[in-house]
Amino acid sequence: MPELPEVETVRRGLLPAMENTVIAEARVNREGLRWPFPPGMAERLTGKRVLGLRRRSKYILADLDSGETLLIHLGMSGRMRVSGEGLGLFHHAHPAPEKHDHVVLEMASGARVTFNDARRFGVMDLVATGEAEAHRLLAELGPEPLGNSFNEDHLVAAFRGRNTPVKAALLDQRIVAGLGNIYVCEVLHRTGISPVRKAGKIGAARVARLVPAIREVLGEAIEAGGSSLRDHRQASGELGYFQHRFAAYDREGHPCSTPGCGGTIRRIVQSGRSSFYCGTCQR
Ligand SMILES: [Zn+2]
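The name given to the protein chain in an unreviewed UniProt entry is Formamidopyrimidine-DNA glycosylase, with the source organism recorded as Vannielia litorea. Regarding the protein chain, the UniProt comment filed under Subunit (unreviewed entry) reads as follows: "Monomer."

Shown next, in the form of structure tokens:
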């Protein structure tokens, strides 16, 4: 499942193809994905200029000159592909259509943006730009982890008295938006905090250390994603999936990478999801 750094990488990869460019033709090949598409979606996209591409949590928001915003979520398996000439970053011929190409945007620049989603958990919706942040999928979200309103005071207050494991607290999208299982494992390993420790039992100084760790871990992954965009070996034009080394995630049985630790990464299941951590240096 794409996490925040993957979505940010997709957004950056779409910029040269879409920003300040008219959607010459939108083709919608089915009635919806996770939910039905909004009525007349193809007509409401065709002929509109994309003024900008923003990201909120794991959603991409394309603001159009019609006053509407196209909201995109990649779901479990959604893939964005950019093809066509003259994009600066991508010079891929249009590939043959694939079975799960559900939405195709032919840009006036000659670029083609294809949204493929085999499992169909993805989302596309149109909302008035002024009301985008109030969309039912965005309204409850907490602060952006890379934004200014996510800070030490906010996290200390959010954790105070909370009786849930810190893992669950960091996955709670109302506390901080866009963190998923992979990067929470990494953040907890980096800060030496056990995923099973109750959020409300962690001292304020340790909670505060989570904030820069979250920014670092996400920033490094976004950097790796940016490298993948520049990597000419990424011949498919597909955005957002890149190789990234993790210290804890999916490292069960491997030696802990914390200097001087000597422990081993283990896996437990919390709320149905795997947590990878070192029982020696994470307390
Ligand atoms: Zn360790």
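Now that the structure is up, let's keep going.
Draft legend 1. The packing of helix 5 (residues 181-191) against helix 6 (residues 204-230), seen in detail. The contact between helix 5 and helix 6 brings their axes to 9 Å, and the two run at 125°. Taken together, the axes of helix 5 and helix 6 are oblique relative to one another. Crossing hand, helix 5 versus helix 6: right-handed. The residues of helix 6 that touch helix 5, namely those facing Tyr183, Glu186, Val187, Arg190 and Thr191, are Arg206, Arg209, Leu210, Ala213, Ile214, Val217, Leu218 and Ala221.

Draft legend 2. Up close: the sheet that holds strand 5 (residues 79-83). A sheet is described by the order of its strands in space; here nine strands give the open sequence 8-4-3-2-1-6-7-5-9, paired in antiparallel fashion. Looking at which strands have only one partner, the edges of the open sheet turn out to be strand 8 (123-128) and strand 9 (238-239). Both strand 4 (residues 68-73) and strand 8 contribute to a ladder of six bridges, which runs antiparallel. From the neighbouring strand, His73 faces strand 8, where its bridge partner is Val123. Along the sheet, helix 1 (residues 4-18) makes contact with strand 1 (21-28), strand 2 (49-56), strand 3 (59-64), strand 5, strand 6 (101-107), strand 7 (112-116) and strand 9, crossing strand 2 at roughly 170°.

Draft legend 3. Structural detail: the packing of helix 3 (residues 152-159) against helix 6. The contact between helix 3 and helix 6 brings their axes to 8 Å, and the two run at 125°. Relative to helix 6, the element helix 3 lies oblique. Crossing geometry of helix 3 relative to helix 6 is assigned as right-handed. When helix 3 is examined against helix 6, the residues Glu152, Leu155, Val156 and Phe159 are found in contact with a partner set consisting of Ala204, Val207, Ala208, Leu210 and Val211. When grouped by side-chain class, the residues that make up the contact of helix 3 with helix 6 number eight nonpolar, no polar and one charged.

Draft legend 4. Spotlight on the pairing of strand 10 (residues 265-270). Relative to strand 11 (residues 273-278), strand 10 runs antiparallel, the two being bridged by six bridges. Within the sheet, the bridge partner assigned to Ile265 lies in strand 11 and is Cys278. Hairpin connection from strand 10 to strand 11: two residues lie between these consecutive antiparallel strands, with Ser271 at a positive phi of about 50°.

Draft legend 5. Structural view of helix 5. Most of helix 5 sits out of view: ten of its eleven residues are buried. Along helix 5, the residues classified as buried are Ile182, Tyr183, Val184, Cys185, Glu186, Val187, Leu188, His189, Arg190 and Thr191. Each element contacted by the buried residues of helix 5 is listed here: helix 4 (166-171), helix 6 and strand 11. Of the residues flanking the end of helix 5, it is Gly192, one or two places downstream, whose phi is positive at about 70°.

Draft legend 6. Spatial organisation of the domain arrangement of the protein chain. Domain annotation of the protein chain identifies domain 1 (4-134) and domain 2 (152-243). Once you take the C-alpha centre of each, domain 1 and domain 2 turn out to be 26 Å apart. Counting from both sides, the interface comprises 20 residues of domain 1 and, opposite them, 18 residues of domain 2. For the side of domain 1 that touches domain 2, the elements supplying multiple residues, two or more each, are helix 1 and strand 5. For the side of domain 1 that touches domain 2, a count of residues per class yields nine nonpolar, five polar and six charged.

Draft legend 7. Main features of helix 1. With 15 residues, helix 1 should reach 21 Å at 1.5 Å per residue; the first-to-last C-alpha distance of 20 Å fits that figure. A large share of helix 1 lies buried, amounting to twelve of its 15 residues. Of the positions making up helix 1, those classed as buried are Leu4, Pro5, Glu6, Val7, Glu8, Thr9, Val10, Arg11, Gly13, Leu14, Ala17 and Met18. Once helix 1 ends, the next one or two residues include Asn20, with phi positive near 60°.

Quick notes on the rules
Residues numbered from 1 in each chain as written. Predicted model: local features only at pLDDT ≥ 70, side-chain atom pairs only at ≥ 80, totals over all residues. UniProt positions renumbered as here; feature names shortened; annotations may be inferred. Axes fitted to C-alpha atoms, helices over the stretch in contact; angles between N-to-C directions. Helix = DSSP H or I, 4+ residues; strand = E, 2+ residues; numbered from the N terminus. Parallel < 35°, antiparallel > 145°, perpendicular 65-115°, else oblique. Left-handed = near helix turned anticlockwise from the far one by under 90°. Contact = placed C-beta atoms within 7 Å. Pairing = 2+ DSSP bridges. Nonpolar A, V, L, I, M, F, W, Y, C, P; charged D, E, K, R; others polar. Buried ≥ 20, exposed ≤ 12 C-beta atoms within 10 Å, placed from the backbone. Domains from an automatic or database assignment. Expected span 1.5 Å × (residues − 1).

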